[in-house]
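# Notes for the structure review
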Amino acid sequence: MTFYTLKYIEQNQNTSKTILYVLIAFAALTMIAFTVLYLRHRFDTRYRDLGIIALLFLLLFMGTQYEKYVQTNVVKSQSEQIGPFIKSVAKDNKVPVSDVMVNSTTLQDGLIVRVDSKDIDYQLELNDDNNSYTLKQAHVINHKVDVKN
């Protein structure tokens, strides 16, 4: 079973978007360069064709980014809620935030919370609007744990 600390969750929320942003910027710069070259050499149509290809790549990357944005909107709100949740559990148990680990990077019912210094596991039950929760003591079958810091 893999557990995540608050430090790991905060550091890894936006790393997957970087590559797509670089591709979008590259396609946009390429399109601008080919547009300038086409305007300087109006009779050489290869620059126009390359500019159109760059524009199509730009539209493809932007469409992909928009699709990811729509699909991950709920997951993002849940992952933003996990930080305050971990801090709340640490405060309620009177332990440092670094001692609280969770088995998912998103806030959801059935989440396993481990308070490492007390060696206790809890299962999370959220209410309907995710504003309050109940922790019930849980017992995991496999005690071998992989911790992501």
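None of the values given here were measured: they were computed from a predicted structure. (Residues numbered from 1 in each chain as written. Predicted model: local features only at pLDDT ≥ 70, side-chain atom pairs only at ≥ 80, totals over all residues. Heavy atoms only, no water.)

## Quick look at a nonpolar patch on the surface
- Taken together, the side chains of Leu50, Ile53, Phe57 and Leu60 define a hydrophobic patch exposed on the protein surface, amounting to about 360 Å² of accessible area.
- For Ile53, the location among the structural elements is in helix α3 (residues 45–71).
- Taking relative accessible area as the criterion, Ile53 reaches 43% and is therefore assigned partly exposed. (Patch = residues over 30% accessible without salt bridge, like charges linked within 9 Å, V, L, I, M, F, W, Y side chains within 5 Å. Areas by Shrake-Rupley, 256 points an atom, 1.4 Å probe, with all protein chains shown as cover. Salt bridge = Lys/Arg side-chain N within 4 Å of Asp/Glu carboxyl O. Helix = DSSP H or I, 4+ residues; strand = E, 2+ residues; numbered from the N terminus. Buried < 20%, exposed > 50% of the residue type's maximum accessible area, 1.4 Å probe, protein only.)

## Digging into the UniProt feature "transmembrane region" (unreviewed entry) in the chain
- UniProt tags residues 20–38 and 50–66 as "transmembrane region" (unreviewed entry).
- With 100% helix and 0% strand, residues 20–38 has its two end C-alpha atoms placed 27 Å apart.
- Each end of residues 50–66 is marked by a C-alpha atom, and these two atoms are 24 Å apart; helix forms 100% of the span and strand 0%. (UniProt positions renumbered as here; feature names shortened; annotations may be inferred.)

## Comments concerning the nonpolar core
- Counting residues in each nonpolar core, the largest one holds 18 residues, and the members touching the most others are Ile82, Phe85, Ile86, Val102, Leu111 and Val113.
- If you list the elements that add at least two residues to this core, you get α1 (6–11), α4 (73–93), β2 (100–102), β3 (112–115) and β4 (120–126).
- No other element matches the 5 residues that α4 contributes to this core.
- Discounting chain neighbours no more than four positions away, the residues touching Phe85 are Val102, Leu107, Leu111, Val113, Leu124, Tyr133 and Leu135. (Core = buried A, V, L, I, M, F, W, Y, C linked by side-chain atoms within 4.5 Å. Contact = heavy atoms within 4.5 Å.)

## Some thoughts on the pattern of salt bridges
- One pass over the structure, following the stated rule, counts 2 salt bridges.
- Two residues, Asp121 and Arg114, come together in a salt bridge whose shortest N-O distance is 2.6 Å.
- Relative accessible area serves as the criterion here: at 8%, Arg114 is assigned to the buried category.
- Put simply, Glu125 and Lys136 hold a salt bridge, and the shortest N to O gap is 2.9 Å. Taken together, the residues Glu125 in strand β4 and Lys136 in strand β5 (residues 133–138) connect sequence positions 11 residues apart.
- Glu125 gets classed as partly exposed once you look at its relative accessible area, which sits at 34%.

## Comments concerning α3
- Taking 1.5 Å per residue as the helical rise, α3 with its 27 residues ought to reach 39 Å, and the 39 Å between its terminal C-alpha atoms agrees with that figure.
- Within the span of α3, buried status applies to Tyr47, Gly51, Ala54, Leu58, Phe61 and Gln65. (Expected span 1.5 Å × (residues − 1).)

## What about the pairing of β3?
- Here β3 shows two buried faces, one formed by Ile112 and Arg114 and the other by Val113 and Val115.
- Sheet analysis places β3 next to β4, joined by 4 bridges and oriented antiparallel. Its bridge partner lying in β4, Val113 is registered against Tyr122. (Pairing = 2+ DSSP bridges.)

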